[in-house]
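So you can see what is in the structure, the chains are spelled out below.
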Amino acid sequence: MDNKILGAKDLYELFKGGTANLKLNSKTIDDLNVFPIPDGDTGSNMLMTIEGAIHAVGESDLESVPAFAGKFQRGALLGARGNSGVILSQFIKGFCSSLSRDREVDTSLFTDAFKAGVDKAYSAVIQPTEGTILTVMREGWEYISEHKGEYGDFSSWFAAINNRMEGSLEHTPELLPILKESGVIDSGGAGFLGIFHGMEKILNGEEIERAEVLEEQAALQHAQQPRIGVGHRRALS
């Protein structure tokens, strides 16, 4: 895979990697789910959403970026489940719509598409709440946009944005009281970061393997003094 220019097949493989990493961590993400409703299905809903996108893409759709983008966003919209799944599908819609005329994608176009995804996700929510998946994706874009000229290859681009989104995710309990009260980070943000960690692994030729789930995480929701951050990064990376 070219580290500076991506075609339709490359984009498909990256998102397949993101889907695989999300699948391996979906139960952990479910366990983090306390907002807006503590129904423990954020990881599962996000997984069904992006799997719908992956399954919608046929072999002929990999011949061009616009063809891939059209099928991928349609699959996400049809497969969207739950609040986080709908937000993810809207991000994908905005991202893919931005690529509807491009034959190849460099980091500049990818950044623009990411911004379009963030904008679409925010516009889909009547009252956007900070400390959620929306914050994580927006702060990721803000950082990469401020340093846009520094990341001409995708390895450095993904490393930079994922590092920023990790920091944003760890900060979500400070923005959303219910997360702090429950001793968890935001589940939707964790799922979104899990997707992008998986994409980064595929780009760098790494295997998608089941991440270690620390005992800390199983009891985190009821902990008096939770150690938010390190364990979750390990489980999502």
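Here's what I pulled together on the structure shown here. (Residues numbered from 1 in each chain as written. Predicted model: local features only at pLDDT ≥ 70, side-chain atom pairs only at ≥ 80, totals over all residues. Heavy atoms only, no water.)

Some remarks on the overall build of the chain
- Each helix and strand in the chain was counted, giving 11 helices and 0 strands.
- For the chain, the N- to C-terminal ordering of α and β elements is α-α-α-α-α-α-α-α-α-α-α.
- The contacts in the chain between residues at least 6 apart in sequence include a share of 68% that link residues at least 24 apart.
- With the model as given, the accessible surface of the chain reaches about 10,600 Å², and the carbon-plus-sulfur share is 47%. (Helix = DSSP H or I, 4+ residues; strand = E, 2+ residues; numbered from the N terminus. Contact = heavy atoms within 4.5 Å. Areas by Shrake-Rupley, 256 points an atom, 1.4 Å probe, with all protein chains shown as cover.)

Focus: helix α2 (residues 42-56)
- With 15 residues, α2 ought to run about 21 Å at 1.5 Å a step, and its terminal C-alpha atoms sit 21 Å apart, in line with that.
- On its buried face, α2 sits against α1 (8-32), α3 (65-79), α4 (82-98), α6 (133-146) and α9 (187-203). (Expected span 1.5 Å × (residues − 1).)

Some remarks on the packing of helix α7 (residues 154-175) against α9
- Where α7 meets α9, the closest approach of the two axes is 10 Å, and the angle between their N-to-C directions is 160°. The angle between α7 and α9 falls in the class roughly antiparallel. The interaxial crossing formed by α7 with α9 has left-handed handedness. Judged by residue contacts, F154, S155, W157, F158, A159, N162, M165, E166 and L169 of α7 engage G189, A190, F192, L193, F196, H197, M199, E200 and L203 from α9.
- Classifying every residue of the contact of α7 with α9 gives 12 nonpolar, 4 polar and 2 charged. (Axes fitted to C-alpha atoms, helices over the stretch in contact; angles between N-to-C directions. Parallel < 35°, antiparallel > 145°, perpendicular 65-115°, else oblique. Left-handed = near helix turned anticlockwise from the far one by under 90°. Nonpolar A, V, L, I, M, F, W, Y, C, P; charged D, E, K, R; others polar.)

A short note on the packing of aromatic side chains
- Applying the stated criterion across every chain yields a total of 18 aromatic pairs.
- Aromatic side chains F68 and F72 sit 5.0 Å apart centroid to centroid with 25° between the ring planes, which places their arrangement in the stacked category. Residue F68 and its partner F72 are located together in helix α3, separated by 4 residues, close to a single helical turn.
- On the numbers, 5.5 Å between centres and 80° between planes, the contact of F114 with F196 is edge-to-face. Taken together, the residues span a long stretch of sequence, with F114 in helix α5 (residues 107-123) and F196 in helix α9 at a distance of 82 residues.
- Residue F114 is classed as buried on the basis of its relative accessible area, which comes to 0%.
- For K115, the ring lying beneath its charged end belongs to W141, and the centroid distance is 4.9 Å. (Phe/Tyr/Trp six-rings, centres within 6.5 Å; stacked < 30°, edge-to-face > 60°. Buried < 20%, exposed > 50% of the residue type's maximum accessible area, 1.4 Å probe, protein only. Lys NZ or Arg CZ within 6 Å of the ring centre and 35° of its normal.)

What about the nonpolar core?
- Ranked by size, the top nonpolar core spans 61 residues in total, and within it F72, F91, F110, F114, F192 and F196 carry the most contacts.
- Elements supplying a minimum of two residues to this core: α1, α2, α3, α4, α5, α6, α7 and α9.
- It is α1 that contributes the most residues to this core, 8 residues altogether. (Core = buried A, V, L, I, M, F, W, Y, C linked by side-chain atoms within 4.5 Å.)

Considering the environment of A113
- Along the chain, A113 turns up in helix α5.
- You can call A113 buried: its relative accessible area is 0%.
- Beyond its immediate chain neighbours, meaning those up to four positions away, A113 contacts G94, F95, S98 and L99.

Focus on the pattern of salt bridges
- Under the criterion given, the structure shown has 8 salt bridges.
- With its nearest N and O atoms 3.3 Å apart, the salt bridge here joins K71 to D61. With K71 in helix α3 and D61 in the loop between α2 and α3, this residue pair connects regions lying 10 residues apart in the sequence.
- For K71, a relative accessible area of 36% gives the class partly exposed.
- Assessed through its relative accessible area of 8%, D61 is described here as buried.
- Ionic pairing is found between K115 and D119, a salt bridge with its closest N-O pair at 2.6 Å. Linking K115 with D119, this pair stays in helix α5, spanning 4 residues, or about one helical turn.
- Taken together, the salt bridges that share partners define one network made up of E130, R138 and E142. (Salt bridge = Lys/Arg side-chain N within 4 Å of Asp/Glu carboxyl O.)

Distances and angles like these do not, on their own, reveal function.
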